[in-house]
Structure formats: structure tokens, C-alpha cells
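# Survey of secondary and tertiary structure
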Amino acid sequence: MKIYHYTSIQTLALILKSKKIRFNRLDLVDDLEESIYGSGPSLTKLGLYTFVSCWTKSNRENLALWNMYTRYKGVRIGLDEMPFKTYKVNENFTSLLPNAMNFGTDYFMTSFNNEAKIYDVEYVDNPKEEIKKLIMPTENGGILIDTTRIGIFKRKEWSMQEESRFKITVQPADVYGAAKETMNSSSAPLYNFLYKMFDTLGTSIIANKPINTTYIDLNLDSTKLDSIEIMMGPLTSDADRIIVESLLGTYPSAKICNSIFLGKMREKK
């Protein structure tokens with residue numbers, strides 16, 4: 001099965017050159033409701049710590065997506081439904097992340113809660129109520145965070161997007177500060193580093209402390225790029241097609257086709 005991503009020709013060029021896809025932080029996507037509501041007793045804004053890459057499983061052209069993300073002048077990328085490099089954690093779990101722990105300067109992310117999976121967005125009447133349930137208190141005074149359902153609720157009015165998405169969940173922590181403090185430690189430096197880092201985790205989440213990183217790039221499986229499919233947007237030109245053909249020059253099995261709306265739409269002045 002193929003999945004599809006509507007984007008600009010410029011972004012296509014960057015994807016093919018880097019062989020990466022960019023995941024954007026959830027509080028920076030077009031639907032503000034995905035991140036403004038809090039979860040659990042402390043109203044933690046989990047969207048601050050969630051990154052998404054948005055696709056659709058529908059092979060039917062979507063005029064709303066053409067307009068919203070390309071102004072009808074971009075492309076639709078088609079790739080196999082798991083286009084990323086994946087990493088086996090155990091017999092039952094495959095991750096998007098290569099290492100058990102992966103670090104940024106002010107966050108870390110773990111392989112075991114970042115499954116290599118595409119999630120279908122759920123379109124609901126009240127996303128605020130659904131997001132509120134993502135953190136639940138436990139009997140022993142702790143909390144349980146349902147990371148699998150972070151970033152999948154949108155209001156029903158967005159359903160024309162028919163969206164599915166990949167997700168990365170991170171935890172905010174002063175990784176740089178912890179590393180600096182333990183760099184010269186001669187007494188169990190790794191233990192001290194992890195202790196200091198995790199010591200900042202709980203307070204950072206409760207305070208909704210933002211992280212500086214606005215995106216995370218993940219590696220594509222280069223073998224999946226060999227079968228990439230590109231659809232030219234409804235208002236693309238012959239010159240645009242020449243550019244795309246040039247970009248795909250090293251992918252002899254790539255396919256290019258035209259939108260069914262090509263030549264059937266008038267550009268608004």
C-alpha cells in the first residue's frame with residue numbers, strides 16, 4: 001500500500017537530497033487545538049513534546065490538501081506505507097529510533113515508546129475532552145501517559161484531510177546541563193548523568209516547559225525511494241515537470257503522473 005504526502009517541489013528536492021522526512025512539533029501545525037489543551041490533573045500540554053509527519057492513505061486526489069499545502073502548484077509524493085528506516089527492539093516491537101536512548105540538547109527520546117507505525121487521525125466532536133484523558137492518575141499516586149494516542153485527535157471539521165501520521169514523542173530534560181555537570185565526574189559519570197537528567201524531567205513536564213527544537217528529521221529507507229511516485233499538482237507547469245524529472249534522475253523506477261485536474265482549473269489572480 002502507498003501513502004501520500006502533499007508538498008512543494010522545493011520540499012521534494014530537500015527530501016530526495018537528504019533522504020530524510022521532517023517531523024514538525026505538534027504545537028506548530030495548522031490545527032492549534034492539537035496542542036493548546038492539557039492532559040491529566042496538571043493539564044500537561046503533551047503537544048509540546050510530540051512531533052508528527054502527516055500523510056494520507058487515500059489514493060484519491062484531495063483538493064483540500066492540494067490547496068492547503070501546495071496552492072495547487074506542488075506535488076503529491078507516494079511512498080510505501082513504512083518509508084522510514086526501522087529498528088527492531090524485540091520480537092514484538094519495531095521502533096523509528098535507532099538507539100534505546102537518543103538525545104537532543106534539551107530533550108531525550110526512547111526507542112521503546114516510539115513505534116514504527118502510522119496512526120490514523122480520529123476526528124471527534126470535542127478534542128479537548130479526548131486530550132484530557134491522555135494522562136490518568138494511578139492508585140499509588142503516579143500517572144499513566146497514553147503515548148500511543150497523543151497527537152491523533154482532531155475536530156470533525158478537519159475530516160476532509162483523511163489524515164494518517166507518524167509520531168515521535170520526546171521527554172523534556174536538561175540534557176546539556178546534566179552532561180556538563182558530570183563531564184569531569186570520576187564517580188559513576190553515566191549514573192550521575194542519567195540521575196541529573198531524569199531529575200529535571202518531572203518538573204519540566206508539569207511546568208509545560210517548551211523545548212527549543214521545532215523539528216526532527218528521520219532517515220528514509222533508501223530502497224523505498226526507488227519506487228517513489230510523484231503526481232504533479234493541478235496548476236503546475238511544463239517547467240515544473242522538467243524540474244521534477246531532473247530531481248528523479250537517479251531513481252529510474254520512479255513514476256511521474258499528472259493530476260486529473262491539470263488543465264481543468266483556473267488560477268485565481
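What counts, and where the lines are drawn
Residues numbered from 1 in each chain as written. Predicted model: local features only at pLDDT ≥ 70, side-chain atom pairs only at ≥ 80, totals over all residues. Heavy atoms only, no water. Core = buried A, V, L, I, M, F, W, Y, C linked by side-chain atoms within 4.5 Å. Buried < 20%, exposed > 50% of the residue type's maximum accessible area, 1.4 Å probe, protein only. Helix = DSSP H or I, 4+ residues; strand = E, 2+ residues; numbered from the N terminus. Contact = heavy atoms within 4.5 Å. 1 Å grid on protein atoms, 1.4 Å probe; cavity = no way out; pocket = protein on both sides within 12 Å on 5 of 7 lines; lining within 4 Å. Points joined across faces, edges and corners; volume = space filled by probe spheres on them. Nonpolar A, V, L, I, M, F, W, Y, C, P; charged D, E, K, R; others polar. Pairing = 2+ DSSP bridges.

## Here we look at the nonpolar core
- Formed by 41 residues in total, the largest nonpolar core has its most connected members in Phe84, Val170, Ile228 and Ile230.
- Among the elements that make up this core, the one with the highest residue count is helix α1 (residues 9-18) (four residues).
- When sequence neighbours within four positions are dropped, the list of residues in contact with phenylalanine 84 reads Ile21, Phe23, Ser53, Leu96, Phe166, Leu218, Asn219, Leu220 and Asp221.
- Judged by nonpolar contacts, the second largest core, of ten residues, contains Ile131, Leu134, Ile135 and Ile152.

## Describing the layout of surface pockets
- A volume near 700 Å³ is recorded for the largest pocket.
- Taken together, 28 residues line the largest pocket, and the ones lying closest to its centre are His5, Thr7, Arg22, Asn24 and Cys54.
- It is strand β3 (residues 50-56) that provides the largest number of residues to the lining of the largest pocket, a total of five residues.
- Taken together, the residues that form the lining of the largest pocket break down as twelve nonpolar, nine polar and seven charged.

## Observations concerning the sheet that holds strand β15 (residues 171-172)
- Strand order in the open sheet formed by three strands is β7-β8-β15, and the pairing between neighbours is antiparallel. Each edge of the open sheet carries a strand with a single partner, namely β7 (101-103) and β15.

## Some details on empty space enclosed by the protein
- Per the stated rule, a full pass over the model turns up one cavity of 30 Å³ or more.
- Every residue along the wall of the largest cavity is listed here: Leu26, Glu34, Tyr37, Ser39, Leu46, Gly47, Ile131, Leu134, Ile150, Gly151, Ile152 and Phe153.
- Residue composition of the lining of the largest cavity, by class: eight nonpolar, three polar and one charged.

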